[in-house]
Amino acid sequence: MNSTIPAPGVAVLGCGTVGGATAQLLYSDEALIQERSGIPVRLKYIVDLDFSHARSLGLPESTFTSDLNAVLADPEVGIVVETVGGLTTAKDFFEKALKAGKHVVTANKALLAHHGPELMAVARENGTALSFEASCGGGIPVIRALTDGLLANRIDALYGILNGTCNFILTEMAEKGKQYEDALADAQADGLAEADPTLDVSGMDTAHKITIMASLAFGRRFDLESVPVEGIDTLDLMDVKFGAELGYVAKLLAVAERKSDGFSLRVRPAFISTEHPLAWIRGPFNAASIYGHRVGHTMYYGRGAGGSPTASAVAADIISAAHGIDGTRFHTLGLYQDRNKPEKQLPAGAITGRYYIRAMVFDRPGVLGTISSILGNHNISISSFLQKEPPEAGDGGRSLPIVITTHKTREEDLNGALEEVNKLEIVDGSCTMINIVDERPENLS
Ligand code: HSE
């Protein structure tokens, strides 16, 4: 086990939004951090090729350098912050820093979700460690909850709203009736969505985060590629509105549940009851709802994106590394992915739950009977049914939405039924199916 405490000099690699905010926090709040933590953490270097952003933040020119090797050779630098982002260059810098014996702090969830076990193994071989509080939930200390506050618990389930961009868009759709494209354009105009929002709206960013969080929650290794992922980019405003009529809010929900036959990790638009606290998470905020067998239900809420909140989490890791706490935790706990074997992940079809189904049907006699008997043949019980009176009653030429909610069923049974329904001539296009997520009840022992 590594017992060395890294030198409190910090090098920030990559001065973008998060790197710049971290450097600024360390520079401006040096005295506050020393007073609160008792550690003289100091920004020693900002490593980049372009310093225009660093200059615009008023950061000292004396910290600017493009010579990574010289930085890594400096014994006063014990902690390296990787805020380069992306996979290739970031991984190269990450490995170089670990091999130089530096403690690496990162917010790079994509890198950890794809290469976490490999990077952790490099850290262990080199007697150093890595910290990644800022990778999940931005400023919310949710990694610390899993690796510290909840350590005495067997974690049974974790539900998260983990992408601020998506939650902002969904809030605009639900509360202002905006179409997806308009809500996305507004998010981009407000600087809440990237010019290329694909990683966020496709659900992949959330999948990265739930893979990391689930590995710590359950002490298992999970494969990102096996996580069923659907984004919000195909969500229709019509379904958001019908859901609201039925008492649900549409959220991009990350779920990680311990089941008797494996673990279910998934990221999809889901309906949550308006009664549940996760339904109250609005705009760019994030939240995680975590169930432990001793503590019961806990929730964590805060800003999941943005320079300053993310820098708060990066700086907490820097301080914790400088105290030797994060290094000790990394070398002691059995939760990290490189210490665990790959775990059985259940496919989406194995999920059991309640579902919302919307079909576009031609308003002709027998439509409902045909659809309900297909569902019945697949052992699916209907819980509620909703159809609006058409603008011109009896106009069989235009398709109209009907909405059905089911009692608890297995998703693969529902898929089988919907495959048959989609083939019917009376059905226009394919049905939309959305899981209604009822959180697992507390399982206190
Ligand atoms: N782009 C992310 C979000 C933050 O909108 O929540 C970084 O993962």
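Remember, predicted model here, so these are calculated numbers, not experimental data.

What counts and what doesn't
- Residues numbered from 1 in each chain as written.
- Predicted model: local features only at pLDDT ≥ 70, side-chain atom pairs only at ≥ 80, totals over all residues.
- Heavy atoms only, no water.
- Helix = DSSP H or I, 4+ residues; strand = E, 2+ residues; numbered from the N terminus.
- Contact = heavy atoms within 4.5 Å.
- Areas by Shrake-Rupley, 256 points an atom, 1.4 Å probe, with all protein chains shown as cover.
- Lys, Arg positive; Asp, Glu negative; His and termini not counted.
- Charge placed at Lys NZ, Arg CZ, Asp CG, Glu CD.
- Near = heavy atom within 4 Å.
- Polar contact = N/O pair within 3.5 Å; in protein donor to acceptor, adjacent residues only side chain to side chain.
- Nonpolar A, V, L, I, M, F, W, Y, C, P; charged D, E, K, R; others polar.
- Core = buried A, V, L, I, M, F, W, Y, C linked by side-chain atoms within 4.5 Å.
- Buried < 20%, exposed > 50% of the residue type's maximum accessible area, 1.4 Å probe, protein only.
- Pairing = 2+ DSSP bridges.

Asker: What should I look at first to understand the overall build of the chain in this one?
Answerer: Of regular secondary structure, the chain possesses 16 helices and 16 strands. With the principal axes as the frame, the chain shows a C-alpha extent of 80 × 45 × 35 Å. Counted over contacts in the chain with a minimum sequence separation of 6, partners at least 24 positions apart contribute 74%. With an accessible surface of roughly 18200 Å², the chain has 50% of that area assigned to carbon and sulfur atoms. Within the chain, one finds 39 positive and 55 negative side-chain charges whose respective centroids are separated by 6 Å.

Asker: Is there a simple way to explain the site of the ligand in this structure?
Answerer: Residues in contact with the ligand, as listed here, are Lys109, Asn163, Gly164, Thr165, Asp200, Asp205, Lys209, Gly304 and Ala305. Within the contact set of the ligand, an oxygen atom lies 2.7 Å away from a backbone nitrogen or oxygen of Gly164. Notes on the ligand: free accessible area 250 Å², of which the protein chains cover 83%. Its residues assigned to classes, the shell around the ligand comprises 1 nonpolar, 4 polar and 4 charged.

Asker: Mind showing me how you'd approach the nonpolar core here?
Answerer: Where a protein is soluble and globular, its nonpolar side chains tend to be buried together. Core analysis: the largest hydrophobic core is formed by 81 residues, its most contacted members being Phe132, Ile169, Met213 and Ile290. The element contributing the most residues to this core is helix H11 (residues 204-218), with 8 residues. Setting aside chain neighbours within four positions, we find Ile169 in contact with Tyr180, Ala183, Leu184, Ala187, Val201 and Ile232. Residues Ile39, Phe64, Ile79 and Val105 belong to the second largest nonpolar core, which totals 29 residues.

Asker: What is the right way to look at the pairing of strand E12 (residues 352-362) in this model?
Answerer: Consecutive side chains along a regular strand alternate between the two faces of the sheet. Most of E12 sits inside the fold, with 9 of its 11 residues counted as buried. With 2 bridges joining them, E12 and strand E15 (residues 409-410) adopt antiparallel strand pairing. Note on E15: the bridge partner recorded for Gly353 is Thr409. Direction of pairing for E12 relative to strand E14 (residues 399-406): antiparallel, over a ladder of 7 bridges. When the sheet's bridge partners are listed, Val361 is paired in E14 with Leu400.

Asker: Looking at this model, I keep getting lost on the sheet that holds strand E1 (residues 9-13). Mind explaining?
Answerer: Adjacent strands of a sheet form backbone hydrogen bonds with each other and so pair up, either parallel or antiparallel. Pairing is parallel in the open sheet, where 6 strands are placed in the order E3-E2-E1-E4-E5-E6. Each end of this open sheet is capped by a strand with a single partner; those strands are strand E3 (64-65) and strand E6 (130-131).

Asker: Is there a simple way to think about unusual backbone geometry in this case?
Answerer: Apart from glycine, the bulk of residues carry a negative phi angle, and the bulk of peptide bonds sit in the trans form. If you check the backbone angles, Asn379 has positive phi at about 65° while not being a glycine. Note that Asn379 resides in the loop between helix H15 (367-377) and strand E13 (382-387). The exposed category is assigned to Asn379, whose relative accessible area is 69%.

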